[in-house]
Structure formats: structure tokens, C-alpha cells
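Fold and contact review
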Amino acid sequence: MNREPIAIVGMGCRFPGGADSPGQFWRLLCDGVDAISDLPPARWNLADLDTLEAGASEMKHARRGGFLEQVDRFDAEFFGISPREAATMDPQQRLVLEVAWEALEDACQVPGRLAGTRTGVFVGLSSFDYYELLMADGRNFDAYLGTGNTNCVAANRLSYVLDLKGPSLAVDAACSSSLVAVHLACQSLWNGESDLCVAAGVHVMLSPRITMSFIKAGMMAADGRCKTFDARADGYVRSEGAGALVLKPQSSALVDGNRIYAVIRGSGTNHNGRSNGLSAPNPRAQQSLLRQVWRQADVLPGQVQYVEAHGTGTALGDAMEGKALGAVLSEGYPGGRSCLVGSVKTNIGHLEAAAGIAGIIKVALALHHRQIPPNLHFEQPNPHIPFERLPLQVVRELTPWEPGGESRLAGVSAFGFGGTNAHLLLQEAPPEPAAPPIHPPIPHLLTLTARSDAALRQLAVRFADHLGAAHPAHLPDICFSANAGRTRFAFRLALVAEHPAEMAGLLAAFGAGQRLPGLHFGHSARRRTTDVGDEAYPGPASSSVERRRMLEVLGGQFVAGSAVEWGRLAGDGRMRRVSLPTYPFERQRHWMAPEQPPLPVHPTPAKVPQPPHSPRDRLAAYVQKQVMDVLKLHSAQTFEPERSLSDLGLDSLMLVELRDHFTRDLQVTLSPARLLRNPSIDELVEELSKHLREKAPAAQPQRLGDAPVQETVWLAHRLHRPKARLRLFCFHHLGGGASVFRQWADALPADVEVCPVQFPGREERIAEMPLTSFCAAIELLAQVLEPHLDRPFALYGHSMGSLVGFELAHRLGEHHGLQPEHLFVGGLWAPQLHAAHMANRPAWQSETLSTLLEIPAALRTEEQFMAQLWPAIEADDRLCRSYSYQERTCLLGCPLTVFGGLQDRVAGREELTAWNRHTNGIFRLQMFPGRHLFLNDSRDALLKVLARSLAPARSVY
């Protein structure tokens, strides 16, 4: 077996204390930060910790730990995973995807270029808290429960997403899981099974049950701190986190020009065998393992200068580990010298399955920076460890690592409470090639890309911060690494500068929303690239002015979608790869309970109205809606028709469901083979169009054709104003009609055209069948109003019409790129409260009409009148009950004004105020005297507010 050193060329991490990158983690370690905190209130119910017998004061130990932020959030779309599937995915799987991607980016390895390669994936994990939570509620059972919560899929999913063909497995060895995973990755590289490996570890705490078990076993520290090697050691504190390494043979890393953090010289595992107890450590097994690994690497004990101990902070475990380590070191350590020891658990707690990977990342960073961070909470040595007789010294402060001419060597240990021990030996990276002579600065081209405008601006800010602290000599390496070592997305940015500070200023301005000269920014659809000609590249003899001009042109071509050979811009040809800021994931909540979506940092501006008029456009909108429904997507903001179905997150189960929709709605049955070839949305629309053309016209669904009724029937009581600046579409209340808006045109500005919308089944349309499906009503309304959206428009809805206006605004924005100038709603609770209100209310009875619709008692006793009115009321009741509110990641961007009646018993002020979560624009609540139909009681006051709101000079409040 080839025992060539294994190079660590990339790292990614999420650790307590906000250490979301190796750089942040290193600062935390050097600053001696204790990242242990109180239990986040939303993590679990503190009452669960008091379920043991009365007087169990040790329960307070469970109220501290090392916690990650936003474990409920994930950028599912980035990895081609549907929201539907993401909701049942263990957050541990999500973290592995994110930190592995970041580790690959840190290594300047484009993930997409690994497709089909012998890249191995090894992941250490052992908990399953999310599965426990899901199982507590039967509503969470679905087809994705298994794959989302089986531990092996944490590794398998990464291999699947990146199309990796090497070994892929999860390792559960309790606290040594991730160190064993790294060991197996090294074995795979050494025996030629893999050419590259991603090794990771992850641990998340979502339930108090295991914590309570460990408390009863006496494992937890009373003060919530790991006091490793200290006389006060009384247990450890549980923590969570994730880390990933990119590993490759050292020779391969040198040829590829990788930056190497450290190299792994040897690794090994063993088991305690039968000892004092299943969870009791065995110092003899630990000694045997240390000797085995160091002998394998041809290293003498006296050459090891630092050991990252398992060091949980238990009195018994620390003593046994210290004695075992000291015994091996005593066999050859030079007199008068000591091996330094410490434990990262004193900073971030015990990450259990991810503890080993945290230790490796700490040591690799220490070797890279040639400093050893302090071991915290060490005041008095553990009296059971004879430090005075052993060559051991606990690191108390940030210590320069100067081995006196010898190569820097360090060990990392992790011991599982089930008896599995693991140890790795790390060595400093080989010397880098001598830096080239410093030349006068020349212009360099930097390119950045992202999946959205907001992500690109955030990435620009990250690079601005990085470049602001960069040495001018590093600019060529930074630009080459960013240009050649990152995945290319649709939103693109290019800029040219001679100095890092100049480039940082341009990037910071772009991140703040400015467009300075010299910045090329645009959206380039994928798969539309062309090669750049040879004449576009500056040569060695090009002057600085000529080089800048050529790079500006090249940057513009890149933004437009052209393919660039980045190696031709490497200047002296070194092509060194350096660590850079990683991609800013746009995480959204994917959990068992809904939550208000976060506000976007940079709201997307309203698009120029482009209504889809052709039958193909309508079919495309229909297909997009079906795909979004199957995926449970609530926003079409980043919906790209050229993406394949698999890229969007559709798997075979969802494809079958999608095919059933087409069969039901279009009477077109596509073959499974056609769908399994993963067509794009555009290709799918083309396929369906072909089938529909072959069918008789009468068989095509009415919803995809023109509106089946005349405009004057739908837009009743409309006063045409050909020169109107804006149209106001009005939607009436339950059981009502468009006549309630008949006189509005007289009171509103002359440049506002009032368009009352008349639903079938009432007033002049009394003979028509009323609508009873809310989704179908919105789709039909979008078609009816489509020809009239050729100028700015606003929407007003009262009671039931409020839901109509709200959903129509989203429908027009998501499918047609249209946004109202203003949304007005009145007399109804916010949409997210709808299901609860309808569940608590029985079907409408005739006696409720006097208060709800304000129908005089004389008319309520008129049988003929009620016989005509009642079918519409019942239909509207079914229409309201068919409404299903869904959270959306994209909020409305227009102002939202909510009206209410002071005496209205349907919706009170609190329920009306709850509408404020649905817009990024201005929100206003206006109350008027009156009951539910206050638009009659306070019509003049209401119309004055509308007139002010719609006036040209005051389009918003």
C-alpha cells in the first residue's frame, strides 16, 4: 500500500460561537473564546428537562451547550432539492452538503468537474434527533422520511448530488466517528480506491432525551464547560457542529498547485476490547494505537510536538488518556522537553460524532499558521495525572510553534464511548515554491457568479472584505483562484483593477447597490456559452493600458456568457490556488412548522409587464405551476425553464405525480421513459404541445384557452377611460356583486379607471354556475384580466375579495412578472389565519346574513329573493373553504393597505394587522366606523383614502 502523505487541501466548518469558516474558527481559537451558551429558546421545551423525579437538580446541566444558529434553514434549491423533500431531511444531511461544498470551494475545486470521478465520501455521524421529532406527528410521514433520516444517506446524498463514483459511506463510532471517517478516507486514497476524498463529521442536538440520559450517567459538567486536564474536571458539555476536509495524495496536490494546510502521515483505529465497562476507556488500547500509528509513519515519540487530545473533561477519562499518552512519549522524548497538549472541547464543547473533525481542523490550522491555541479552563492540573513525571505540558496561551529545525508534527485522538479509538498523525505542509520577484502592479480581471442578484451582491461584499486585507502581491493568485476554481452561475460580475484596495472598493460599492464604471454585471443563461478568440487575451508585451482595455472587454464577454481560458491570464504561469470567501447560501426555513419567510436583502424590482398571450405561453405557465405545486415551491423568482426536472429537485416519485396531473388536466399521458430522461420545462412544454395538437380541439382543457365569457360580463359597471394612467380592479365580498363599486369612479381621480370584477352566479350573471374552487378562480381571473394589464394597476378586495386580490397579486407576479402599484384589502383576517377561522366556523346559515351581509329582515323572508341569492352564498362558502394558504419565500413588493370596520365582528384589529408580514413595501392599517360592510357605511372616507393613495404624487404612503 502506498503510504504517501495525504494532503488536506480544503476545509469547511460550522462550529459554535459563529465559527462558520476555517478563518473564523481560527480567530475563535486564538482569542481563547468560550463558545458555550444557554439553550436557545426555540430548540426544545425546557419543561421536558424537568420530567425526571422531583429534586433532580442536575437537570440544569442540560441548559447549556454549544449550539449552531439556524439549523432549521437550508438552501434547498441550490442543491436541486425540492422544499417538499427538504422538510423531511435531517439537518445533519443539509449541513454535510453545505460544508462539503465550502470545503471544495476552499480547495479551488469546482464541484461540477468531479462528476463521474473516483471521489470518495466518508461521513461520521451518530444521532437521529430529527427523525424522533418527525415520528412524533403522523402528518410528517411521507415518501421522503426514510431517505431524509437514514444516516448512510448523509454520505450518499453528497455523492448523488455531485455524481461521485467513489466509495460513499457513513460511519457511526460515537465520539470517534468523524476521525474514523478520515482514517477510512486515507485508506481509500492509499490503496488506490479513490483519487480524491471528502471526509466529514456532523452532529446536531434537537431533542433533550440523550442529554438527560447522559446526565443520569454522570457524564455532564455542572457548569457546562469541558475543563480538560484540570482538577475540577467533572464531565463535559454537549455541542453540535459540522466540518469537512478535502483530501488528496500530496504529489497530486503539488502538481495541481493546491494550497496545503497540512498532511496526514498516518492513521489507525482499534477497540478497547473487554475492559472495566462498555463506555470505560482502556489506556492499554490507547497506547497500542499511538505506537501503531507513529510506527507506521516512521515517526519516533520524541518527534511529536503537540497532541490534540480527546480530552472530554471527565476526571476518569482525562486521567487515563494523560497517563497513556505520557507513557508512550516517555519511551523516547528528549530530557528537559515536553509535548504540548490541549483540547478544542474547552472552546466549543464536545461535538461527539463531529469532535474528531473539529480536532483535525484545529491542528491543521495550527500547523498552517505555526501557532498553538490555548487550552481553556485549566487552573490546577488533574491530580491523577503525574505531569511532573510525564513529558506533557498543557498549553495555557497562544504559543508560537517553533520546533527548532525539526518538522512540525502533531497527533489527534478521538475515543468513542462504545470503545472505538482513532488517532491521526499530522505534519506541516511541504515548503511552498519561492515567491516570484515583485513586479510593478498590472491590471487583473476578477469574476464572481451566483444564482441570484442578492447572493452575488453578498458574495461581492465577502470578497471586498477579503481583498481589503490582502497583500498586493497576492492579487494574481486571488483572481486566478476565483476565476478558475469556482462554479459558474447565471448572475455574473466582472471587474478590472491593479490593486486589492481598488478592487475591494468596487466590490463594496456593487454590494451596496451602486453601479460604478468598470463593473460588468448581467444575467447569462447557462448552456449558452461561446469561446473567446485568441486575440482577446493580453500578451506578455501588452502595456498596462492595453491590458486593462482587453481585460475590460474580456470581462464583458464573460458576463455575456462566453467561455474564458483562465490559465492564459495567470501572468507568470504559477497558477497558485488560495483560500477565498465561499458561496453565500440563501437559506430558507425547511421544518415541520411554518414560519414567516425572511425579508430579502435586495428586493427584486418589478418586471416590465409582459403578459403571456399565446396558447404556448399559457401552457408553459400551467406546466410551471404544476411543477411548483409538486415541489411545494412558493416563488417562481428563480424558476429557469431551461433547467432539467432533476435540477429542480424532481425525483421519480414526483415525476409520477406530475404525469398524473397532466393526465387529469390535459388528457395527455406521457410515457415514464420520457419523464425519466429529465427534460427541461421548455422541453416538457414542447412535448405536451405536440400531444395537444394531435388531439381534437374540443378535448383541450378550457383553462388553457381564452376566457369563455365576454369582457363586459366580467368587468361590470366599468367606466372606460382610454387615457387612464392606472386601472383599479375591485373584487366583491362573499355573496355580493360588482354593483357595490358602481359609484367609485365618480369619487376617484379622473386618471384612474375603476374595473369592478363580477363573479358568475350573482346579479346580471345569476344564471351562471358559481365558482367553487379557489385555485381555478385565480387562474381564470388571471386569463380574464390579462389583456387589461397593459398599464399600471392596483387591486382592491373586500372580505372574500381580499383573498382573491392577495392571491391574484402573487399569481401575476410569479407567472407573468407583473406587480400591482398597490394592494388594498378590507374586512378579512390575514391569509395565514384563514384555515383556523374556517375550521372553527360552521357552514353559513341564513340567520347569519343579517349581520354579515346586512340584508334587511324583510328581504330575508322573501322566498324568491333568497332562492336566487342562497346558491351564490353557498358557492362562495365552498370557494372560501377551498382556499389553502401557503408560505412564500418572495413577499409582495408593493404597498399594502388594510381597511377594517370598528364594529366588524368578522376581523378585528389584531387579525387585520397580521397582514403586515406579506409585503416588503409600506404597510398601513386604516379603521372606519361601520360593521363588516363598512365600505357602505363609510364609503366617502374610504374613497378619500383610496384617492390619496392612487394619486401620482403619492403612490405610497
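Look up: the structure comes first, before these words.
Scoring rules and cut-offs
- Residues numbered from 1 in each chain as written.
- Predicted model: local features only at pLDDT ≥ 70, side-chain atom pairs only at ≥ 80, totals over all residues.
- Heavy atoms only, no water.
- Helix = DSSP H or I, 4+ residues; strand = E, 2+ residues; numbered from the N terminus.
- Buried < 20%, exposed > 50% of the residue type's maximum accessible area, 1.4 Å probe, protein only.
- Contact = heavy atoms within 4.5 Å.
- Areas by Shrake-Rupley, 256 points an atom, 1.4 Å probe, with all protein chains shown as cover.
- 1 Å grid on protein atoms, 1.4 Å probe; cavity = no way out; pocket = protein on both sides within 12 Å on 5 of 7 lines; lining within 4 Å.
- Points joined across faces, edges and corners; volume = space filled by probe spheres on them.
- Axes fitted to C-alpha atoms, helices over the stretch in contact; angles between N-to-C directions.
- Parallel < 35°, antiparallel > 145°, perpendicular 65-115°, else oblique.
- Left-handed = near helix turned anticlockwise from the far one by under 90°.
- Pairing = 2+ DSSP bridges.
- Salt bridge = Lys/Arg side-chain N within 4 Å of Asp/Glu carboxyl O.
- Arc of directions from axis to C-beta.
- Patch = residues over 30% accessible without salt bridge, like charges linked within 9 Å, V, L, I, M, F, W, Y side chains within 5 Å.

With that settled, the discussion passes to the overall build of the chain. For the chain, the helix and strand inventory stands at 32 helices and 26 strands. Counting every position in the chain, which comprises 957 residues, the buried fraction comes to 57%. The contacts of the chain with a sequence gap of at least 6 include a subset with a gap of at least 24, amounting to 80%. Here the chain has roughly 38,500 Å² of accessible surface; of this, 53% comes from carbon and sulfur atoms.

Over the atoms, a rolled probe matching the size of one water molecule traces out where space is still vacant. Taken as a whole, the second largest pocket holds about 990 Å³ of empty space. The wall of the second largest pocket is formed by 36 residues, among which Phe79, Gly80, Val161, Ser646 and Asp647 lie closest to the centre. Elements that contribute at least two residues to the lining of the second largest pocket include exactly α6 (153-162) and α19 (652-666). No other element matches α6, which puts six residues into the lining of the second largest pocket.

On to the packing of helix α10 (residues 283-296) against helix α11 (residues 315-329). Two elements in contact, α10 and α11, have axes whose closest approach is 9 Å; the angle formed by their N-to-C orientations is 40 degrees. What the angle tells us is that α10 and α11 run oblique. Regarding α10 and α11, the two cross each other, and that crossing is right-handed. Every residue of α11 that contacts α10 at Pro283, Gln286, Gln287, Leu290, Arg291 and Trp294 is listed here: Met320, Glu321, Ala324, Leu325, Ala327, Val328 and Leu329.

Let us now look at the sheet that holds strand β9 (residues 262-271). Judged by pairing direction, the sheet is mixed, and its eleven strands sit side by side in the order β6-β5-β7-β8-β1-β9-β16-β15-β10-β11-β13 without closing on themselves. Strand pairing shows two members of the sheet lacking a second neighbour, β6 (168-171) and β13 (392-394), which therefore form its edges. For this sheet, the mean inter-axis angle between neighbouring strands, taken without regard to orientation, is 25 degrees. Here three bridges tie strand β10 (residues 306-308) to strand β15 (residues 409-415), and the two strands are oriented parallel to one another. Opposite Tyr306, over in β15, you have Ala410 as the bridge partner. Packed on one face of the sheet, helix α7 (residues 177-190) meets β1 (6-14), β5 (119-124), β6, β7 (196-203), β8 (241-249), β9, β15 and β16 (420-428) and runs near 115 degrees to β9.

Moving on, we come to the pattern of salt bridges. When the charged atoms of two side chains lie near each other, side chains of opposite charge can form a pair. Using the criterion set out here, one finds 40 salt bridges in the structure. Notably, a salt bridge pairs Arg451 with Glu77, separated by 3.3 Å at the nearest N-O pair. Highlighted residues: Arg451 in the loop between β17 (444-450) and α14 (453-468) and Glu77 in the loop between β4 (73-74) and α2 (83-86), separated in sequence by 374 residues. Between Arg157 and Glu85 there is a salt bridge, with the nearest N and O atoms lying 3.2 Å from each other. Of the two residues, Arg157 is situated in helix α6 and Glu85 in helix α2; the sequence distance between them amounts to 72 residues. Judged by relative accessible area, Arg157 falls into the buried class, the value being 8%. Taken together, the shared-partner salt bridges in this structure form one network comprising Arg718, Arg727, Glu753, Asp790 and Arg791.

In space, the six strands of this open sheet follow the order β22-β21-β23-β24-β25-β26, with parallel pairing throughout. Two strands lie at the open edges of the sheet, namely β22 (752-757) and β26 (923-928), each paired on one side alone. With direction set aside, neighbouring strand axes in the sheet form an average angle of 15 degrees. For strand β21 (residues 726-731) and β22, the ladder comprises six bridges, and the chain directions are parallel.

With that out of the way, let us pick up helix α8 (residues 209-216). Inspection of α8 places Thr211, Met212, Phe214 and Ile215 among the buried residues, and these make up the whole buried set. All buried residues of α8 lie within an arc of 160 degrees about the axis, which places them on one face of the element. Looking one or two places after α8, you find Gly218, whose phi comes out positive at around 75 degrees.

Where burial is concerned, most of β22 is hidden: six out of the six residues are buried. Residues Val752, Val754 and Pro756 line one face of β22 and the alternating positions Glu753, Cys755 and Val757 line the opposite face, and both faces are buried.

This paragraph deals with a nonpolar patch on the surface. A cluster of nonpolar residues, Phe128, Tyr131, Met135 and Phe141, forms a patch on the protein surface that exposes about 380 Å² of accessible area. When you line up the elements, Phe128 lands in the loop between β5 and α4 (129-135).

Among the secondary structure elements, Val307 is positioned in strand β10. We classify Val307 as buried; its relative accessible area is 1%. Taking the C-alpha atoms as reference, Val307 lies 9.9 Å from Val394; in sequence the two are 87 residues apart. Here Val307 is in contact with Leu325, Cys339, Leu340, Val341, Gly342 and Gly411, once residues within four sequence places are set aside.

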